[in-house]
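# Coordinates in review
Given next are the chains, with one letter for each unit.
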Amino acid sequence: MIPYSRQNISDADVAEVARVLRSDFLTQGPEVPRFEKTLSDYCQVPHAAAVASGTAALHLACQAMGLGPGDRLWTSPVTFVASANCARYCGADVDFVDIDPLTFNLSAEALRAKLESAEREGKLPKVVVPVHLGGQSCAMREIRELAEHYGCKVLEDASHALGGKYDGGPVGDGRFSDAAVFSFHPVKMITTGEGGAVMTRDAELHEKILRLRTHGITREAGLMHSPSPGAWYYEQLELGEHYRLTDLQAVLGTSQMARLGNFVAERRRLAARYDERLAGLPLQFQREEPGAVSSRHLYLVRLENGRRGEVFAAMRNAGIGVNVHYIPVYKQPYYRTLGFPADYCPEAERYYAGALSLPLFFGMTEAQQDEVVVQLAKALKN
Ligand SMILES: *Cc1c(COP(=O)(O)O)cnc(C)c1O
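Residues numbered from 1 in each chain as written. Predicted model: local features only at pLDDT ≥ 70, side-chain atom pairs only at ≥ 80, totals over all residues. Heavy atoms only, no water.

### Here's the deal with the nonpolar core
One finds Leu67, Leu73, Phe96, Leu155 and Tyr351 to be the most contacted residues of the largest nonpolar core, which totals 48 residues. Breaking this core down by element, the ones donating at least two residues are strand 1 (47-51), helix 3 (54-64), helix 4 (82-89), strand 3 (93-96), strand 4 (127-129), strand 8 (179-183), helix 7 (203-212) and helix 12 (346-354). Looking at this core element by element, the count peaks at 7 residues for helix 3. In contact with leucine 67, not counting residues within four places along its chain, are Cys62, Arg72, Leu73, Ala87, Cys90, Ala92, Lys126 and Val127. (Core = buried A, V, L, I, M, F, W, Y, C linked by side-chain atoms within 4.5 Å. Buried < 20%, exposed > 50% of the residue type's maximum accessible area, 1.4 Å probe, protein only. Helix = DSSP H or I, 4+ residues; strand = E, 2+ residues; numbered from the N terminus. Contact = heavy atoms within 4.5 Å.)

### Thoughts on the sheet that holds strand 7 (residues 169-170)
Pairing is antiparallel across the open sheet formed by 3 strands, whose spatial order is 7-6-13. The open sheet has two edge strands, strand 7 and strand 13 (292-293), and neither has a second partner. Note: strand 6 (residues 165-166) against strand 7, 2 bridges, orientation antiparallel. Paired with tyrosine 166 across the bridge in strand 7 is glycine 169. (Pairing = 2+ DSSP bridges.)

### Overview of the site of the ligand
What surrounds the ligand is a group of 15 residues, the closest being Thr55, Asp157, His160, Ser183 and Lys188. Measuring from a nitrogen atom of the ligand, one finds a side-chain N or O atom of serine 159 at 3.3 Å. Taken together, the elements giving at least two residues each to the shell around the ligand come down to helix 3 and helix 4. The class makeup of the residues in the shell around the ligand is 4 nonpolar, 9 polar and 2 charged. (Near = heavy atom within 4 Å. Polar contact = N/O pair within 3.5 Å; in protein donor to acceptor, adjacent residues only side chain to side chain. Nonpolar A, V, L, I, M, F, W, Y, C, P; charged D, E, K, R; others polar.)

### Re the sheet that holds strand 3
One open sheet accounts for 7 strands, arranged 1-9-8-5-4-2-3; its pairing is mixed. The outermost strands of the open sheet, each flanked by one partner alone, are strand 1 and strand 3. On average, adjacent strands in this sheet sit at an angle of 20 degrees to one another, irrespective of strand direction. Bridge count between strand 2 (residues 72-75) and strand 4: 3 bridges; the pairing is parallel. Along strand 4, the bridge assignment pairs tryptophan 74 with valine 128. Contacts from helix 4 reach strand 2, strand 3 and strand 5 (153-157), with the element oriented near 155 degrees to strand 3. (Axes fitted to C-alpha atoms, helices over the stretch in contact; angles between N-to-C directions.)

### Re the pattern of salt bridges
Tallied over the entire structure, the rule returns 27 salt bridges. For glutamate 31, the salt bridge is made with arginine 19, and the minimal N-O distance between the two is 3.1 Å. Taken together, the residues span a long stretch of sequence, with glutamate 31 in helix 2 (residues 31-43) and arginine 19 in helix 1 (residues 11-21) at a distance of 12 residues. The class for glutamate 31 is buried, based on a relative accessible area of 6%. By relative accessible area, which is 38% here, arginine 19 ends up partly exposed. Among the salt bridges present, the one from arginine 141 reaches aspartate 167, with a minimum N-O distance of 2.6 Å. (Salt bridge = Lys/Arg side-chain N within 4 Å of Asp/Glu carboxyl O.)

### Some remarks on the pairing of strand 9 (residues 196-200)
Across the 5 residues that make up strand 9, a large majority, 5, are buried. Two strands pair when backbone bridges link them, and strand 8 and strand 9 are joined in this way by 4 bridges, in the antiparallel orientation. In the strand pairing of strand 9, alanine 180 is matched with methionine 199.

### Here's the deal with unusual backbone geometry
That bond from histidine 325 to tyrosine 326 is cis: its omega, 5 degrees, falls within 30 degrees of zero. Secondary-structure assignment places tyrosine 326 in the loop between helix 10 (308-317) and helix 11 (333-337). Within the chain, aspartate 167 stands out as a residue other than glycine whose phi angle is a positive 55 degrees. Note that aspartate 167 resides in the loop between strand 6 and strand 7. Among the residues examined, aspartate 167 registers a relative accessible area of 33% and is labelled partly exposed. If you check the backbone angles, histidine 215 has positive phi at about 70 degrees while not being a glycine.

This is the structure:
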């Protein structure tokens, strides 16, 4: 089976993890801050907090932004469930903003319309979570402007987009948001096994996230309620989680970051090769958002013939690990129990009915890619 994505682990990655395994610290040593420095340098942003997963990063960012019961978080329906679940962990409500039919990203126009009516009803969201689908940035300039006008925070779900660019700068640099989140799951742009990070320009938000990732505990005298009686002393100021990344994971991330440029370049080369070879087929391709350079985490197509189910099955039978990104989140039984109808967002429905992700990863051979093209053409013809 040719997978839709997979990690690439070098001898240097293995040597680095082995070095840390033999060192004094398996966790809470020097490798987590070193990884954070590598990430923040790469993204040209002052603060990075490495955490246990992309989901943990979303949860911590929401918690640090003060999201709670009675508040609302809006996101795209075409995303992994974690982009919405982060609000539920905080006791807040979720709503979905429909996608743009051409870029498949959360639509800035739909957001504008929804914000206008929410303002009239006094139901504005506290946090908006644009998701950079497949590694392609949303229209962040427009989204940021709207959020500023209506007084909402912006949390980018950039789980797919490490190595991508927007408006001339790296995704994650925080020019158009309060914070951005990455995931380091093995199918993503780089991996730490499981892992994630929150990038921000906001020093106060960053300090809160650092505290919340380790139970809400502080050792800073300035923050404590009582004078410290000795070096053993710490205080828990609020209810946090245990969402730390280990040094074993962090060193893998630092080692992987050295090759991120190669990962992106090769994914983009292969994606361009797909573009050429699939051009004549009855497919809709993800249109580039103006100013965005996609990391090409995913190669998404939308079948125009209404036979996605059959084509998906034929591809899997032919050993091609196609996938679907994503089932609109409101369709999940859990979200249906919260009152969402099964066809809540028309554009997301239209996209989902034809959505297919083709294999794309660093290390994929041209022969493998040609096999995907041949099998897809065959499946579409039958
Ligand atoms: C992978 C992913 C997440 C969650 O990341 P984990 O590291 O698996 O917790 C969140 N949002 C999107 C869009 C993702 O693809």
